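# Chain and residue survey
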Amino acid sequence: MSILHILSQYTIKSLGELYPGSFSAGDFQINQTKPEFEGDYTLVLFSLVKKLKIAPEALCDALGRKLVQQHPEIFSSYNIIKGFLNLSISDSYWVNILSNSVDPDFGKSAPTGRRVMVEYSSPNTNKPLHLGHLRNNFLGWSVAEILKFNGNEVFKSCIVNDRGVHICKSMLAWEKWGNKETPKSTGIKGDHLVGDYYVKFENALKREAEELKQKEGNGNFVHYDAPTADKVQVLSNALANLNPTDTKYTDKKEKIEGELKELRRGATPLMKEVKQMLVDWEAGKPEVIALWKQMNNWVYEGFDVTYKKIGTDFDKVYYESNTYLLGKDIVEEGLKKNVFFKKDDGSVWIDLQKEGLDEKLVLRKDGTSVYITQDIGLAEQKYREFNTDQSIYVIADEQNYHMTVLKLICQKLGLAFAHDIFHLSYGMVELPSGRMKSREGTVVDADDMIEEMVKTAQKHTTELGKVNDFTEEELSQLYETLGIGAIKFYLLRVDPKKRMVFNPEESIDFHGFTGPFIQYTHARIKSILRKAQPGGTVNYSAALLPLEKELLVSIEHYPEVLQQAAKELNPSVLANYLFSLAKTFNSFYSEHQVANAETEEKKQLRLRLAVSTGNILSSGLKMLGIRAPERM
RNA sequence: GGUCCGGUAGCUCAGCUGGAUAGAGCAUCAGCCUUCUAAGCUGAGGGUCAUUGGUUCGAAUCCAAUCCGGAUCACCA
């Protein structure tokens, strides 16, 4: 049990003995005492002052006295400043926690039997992974590991978006301009090769759309079918009638121009070909299917290399080409139960206006399903296959609306798992110059990023020359450990919910609040432990020095941090803690000798501090997907 | 326009279930390697916690309004 729990329980008990009525943890607050005051933990009791009609000082004094009196093994003394009750925890309590914390599994919870699925990564197969995908992968993987450590049975899953217009774009471009080149013939990684054709397609599409714009300037609109031509007409008129003095003029103009642009793109010969290709794919046309399989396989080979490097793994992989028809039968049932309704044209909708949302389409008028329909189906299938208590979706916050709707629909359908759907929504990664846009070529490629970080690790390591005796194999291992550790930590140290700015210069820094800083601390500890190992027993009688105690307090806090990280599904809580622990250790290390301590007693204590800190750093980093090197 | 999210040091971020004088890292400046790894340590400067009002013993934290930024509101995925 943690000191916070103990404190809380004893406080409740003592209050009950001192005053009439019953008390709960909500009646007071426990904070770590500010360094400028004496004490370890501070009880904030102001909310009880009114309830008990007693002066803060008197309350603090009565409670402080009682706590120290009844539990001298825990509380050594107390003091009162401005109505805050500062409690000092006895050194023996702190020293005693070492018997638990030297265990490599310190902080691990017993199995709870709770089953959780974490869906993450979920890439499209038309282009290589970029920085945003890395945040998703690291987050999902880490959350899964944190949940495991907290006693949950976890299943990592992934839905591969392996079909659709975007893939057809790459396919068509390769067919047209590819000259049958392959990853092998070009030496280009498969996912990058396919991505290159996606870019080629987009560029060609842009040119065709530009040509259409020229034609439209000359009054030629024959490339549109009748209904689209009408729409274009309406929009063009609206554009012409905009009042330039309107405060929202530029907004409105951009919006209309955007819509016109989309219509124009849709009317290009290339888009028409792509749409035909998609129809052919759905019809199972052999040569289209063959091409699709071939190009997807190239992508998978590329992804495998990247996934292996960054340590991404799954217990279950779903493919959209297998699941895109799911959900239709659920919609049919829902229609019978009047959860959905059918419009005159045959399309099926759900009305979410009571929930403050809009009407949402679930089946097109031609009876085909849309994204959300598949998602309902897949959610149902996952539940059936894994019998989960919770299903977490790691998806960027641009899909907040979609995920709200998904959950709501499942609830309205009365599906058993509906309530257990949780959208772990994370913010997008931006560059100092703004948002990454694949169409404008401002995306940071994941493979490039990793390579650069590994090279930076190599550069630093070589300059410092501390591991010159390593073999080539050991060295390249170390470079990856450090480079990938740096980027993982960089992306995980920020609250997932918040969007974050990726600063290329800052990210390659290996000093300060970084992965390598923590890895370095771990290596230092291992270096000490190669010289001496704890032995005998800790029979500590001298007073703890400030930095010894600070370390112990931090070590004691670890299980609590893990619980919080699991509860909030937030690895940044862990990342911040590990940094703080490492920092404390480094201060301690620079002040005090461990292996050559002043006395044997101190040596034994400090060796255990080193062992415990090393364990926590290594186990914590592991849950962030970061390896802790023995030497660096 | 509706809905949702955010605004804390020059930059990137903690702190947000209300508590004492708001913290880190980077950057800047000044120190520390004959002692277990200096990818480290110690110190200094740097703040109208977007603005205004409210709630109360107490507000960066809660509420309201305003300003600024972002996301989203497809028979796309």
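Each remark here, short or long, concerns the structure printed above.
### A look at helix 9 (residues 226-240)
Between its first and last C-alpha atoms helix 9 spans 21 Å; for 15 residues at 1.5 Å apiece the expected length is 21 Å, and the two agree. Within the span of helix 9, buried status applies to Thr 228, Val 232 and Leu 235. The arc that holds every buried residue of helix 9, seen down its axis, measures 70 degrees, which confines them to one face. Opposite its buried face, helix 9 presents the exposed residues Ala 226, Pro 227, Asp 230, Val 234 and Ala 240, each directed more than 90 degrees away.

### Description of unusual backbone geometry
For Lys 53, which is not glycine, the phi torsion reads 55 degrees and is therefore positive. The exposure class of Lys 53 is exposed, given its relative accessible area of 77%. For Asn 387, which is not a glycine, the phi torsion comes out positive at approximately 50 degrees. Counting through the fold element by element, Asn 387 comes out in the loop between helix 15 (371-386) and strand 11 (390-396).

### Digging into the pairing of strand 11
Most of strand 11 is tucked away, with seven of its seven residues classed as buried. The alternating pattern of strand 11 places Gln 390, Ile 392, Val 394 and Ala 396 and Ser 391, Tyr 393 and Ile 395 on opposite faces, both of which are buried.

### Digging into helix 24 (residues 600-623)
Look at helix 24: 35 Å from first C-alpha to last across 24 residues, which is about the 34 Å you get at 1.5 Å a residue. Here helix 24 lies mainly inside the structure; 19 of its 24 residues are buried. Gly 625, located one to two residues past helix 24, shows a positive phi value of around 80 degrees.

### Side note on the sheet that holds strand 12 (residues 421-426)
Read from one edge of the open sheet, five strands run 7-6-5-11-12, paired in parallel fashion. The open sheet has two edge strands with one neighbour each: strand 7 (316-319) and strand 12. Across this sheet, the average inter-strand angle for adjacent strands is 25 degrees, counted without regard to direction. Looking at chain direction, strand 5 (residues 115-119) and strand 6 (residues 153-160) are connected through five bridges and run parallel. Across the sheet, residue Val 116 finds its bridge partner in strand 6, namely Val 154. Here helix 5 (residues 131-149) sits on the sheet in contact with strand 5, strand 6, strand 11 and strand 12, set at roughly 160 degrees to strand 6. On top of the sheet, helix 15 reaches strand 5, strand 6, strand 7 and strand 11; it is set at about 150 degrees to strand 7, its chief contact.

### What to know about the protein's contact with RNA strand B
Around RNA strand B there are 64 residues in total, and Asp 345, Lys 466, Tyr 520, Ser 527 and His 592 lie nearest to it. Of what RNA strand B places within 4 Å of the protein, 64% of the atoms are sugar or phosphate. Note that a phosphate oxygen of RNA strand B is positioned 3.0 Å from one of the side-chain N or O atoms of Arg 435. Contacts to RNA strand B include Glu 506, whose side-chain N or O atom sits 3.4 Å from a sugar or linking oxygen. Sorting the residues of the surface near RNA strand B by element identifies strand 2 (41-44), helix 2 (46-52), strand 4 (84-89), helix 17 (446-464), strand 15 (500-501), helix 20 (515-531) and helix 23 (571-591) as the ones contributing at least two each. Per-element accounting of the surface near RNA strand B gives the leading share, seven residues, to helix 20. When grouped by side-chain class, the residues that make up the surface near RNA strand B number 25 nonpolar, 15 polar and 24 charged.

### Description of the packing of aromatic side chains
Applying the stated criterion across every chain yields a total of 20 aromatic pairs. Where Phe 585 meets Tyr 589, the ring centres are 6.2 Å apart and the plane angle is 35 degrees; that geometry is what we call tilted. Linking Phe 585 with Tyr 589, this pair stays in helix 23, spanning four residues, or about one helical turn. Given a relative accessible area of 0%, Phe 585 falls into the buried group. Relative accessible area serves as the criterion here: at 31%, Tyr 589 is assigned to the partly exposed category. Through pairs of rings, three or more aromatic residues link up here, namely Tyr 120, Phe 303, Tyr 307 and Phe 314.

### Some details on the sheet that holds strand 9 (residues 348-351)
Ordered by their spatial adjacency, three strands build an open sheet running 8-9-10, and the pairing between neighbours is antiparallel. Each end of this open sheet is capped by a strand with a single partner; those strands are strand 8 (341-342) and strand 10 (359-363). The sheet contact formed by strand 9 and strand 10 spans four bridges and is antiparallel. In the sheet register, Val 348 faces strand 10, and the bridge partner there is Leu 363. Sitting on the sheet, helix 14 (residues 328-336) is in contact with strand 8, strand 9 and strand 10, with an inclination near 125 degrees to strand 10.

### Section: the environment of Val 573
Along the chain, Val 573 falls in helix 23. Taking the relative accessible area as the measure of exposure, Val 573 reaches 14% and is therefore buried. Distance from Val 573 to Arg 493, taken between C-alpha atoms, is 7.7 Å for residues 80 residues apart in sequence. Aside from chain neighbours lying at most four places away, what touches Val 573 is Val 561, Gln 564, Ala 565 and Glu 568.

Calculation rules
Residues numbered from 1 in each chain as written. Chains lettered and ligands numbered in written order. Predicted model: local features only at pLDDT ≥ 70, side-chain atom pairs only at ≥ 80, totals over all residues. Heavy atoms only, no water. Helix = DSSP H or I, 4+ residues; strand = E, 2+ residues; numbered from the N terminus. Expected span 1.5 Å × (residues − 1). Buried < 20%, exposed > 50% of the residue type's maximum accessible area, 1.4 Å probe, protein only. Arc of directions from axis to C-beta. Pairing = 2+ DSSP bridges. Axes fitted to C-alpha atoms, helices over the stretch in contact; angles between N-to-C directions. Contact = heavy atoms within 4.5 Å. Near = heavy atom within 4 Å. Polar contact = N/O pair within 3.5 Å; in protein donor to acceptor, adjacent residues only side chain to side chain. Nonpolar A, V, L, I, M, F, W, Y, C, P; charged D, E, K, R; others polar. Phe/Tyr/Trp six-rings, centres within 6.5 Å; stacked < 30°, edge-to-face > 60°.

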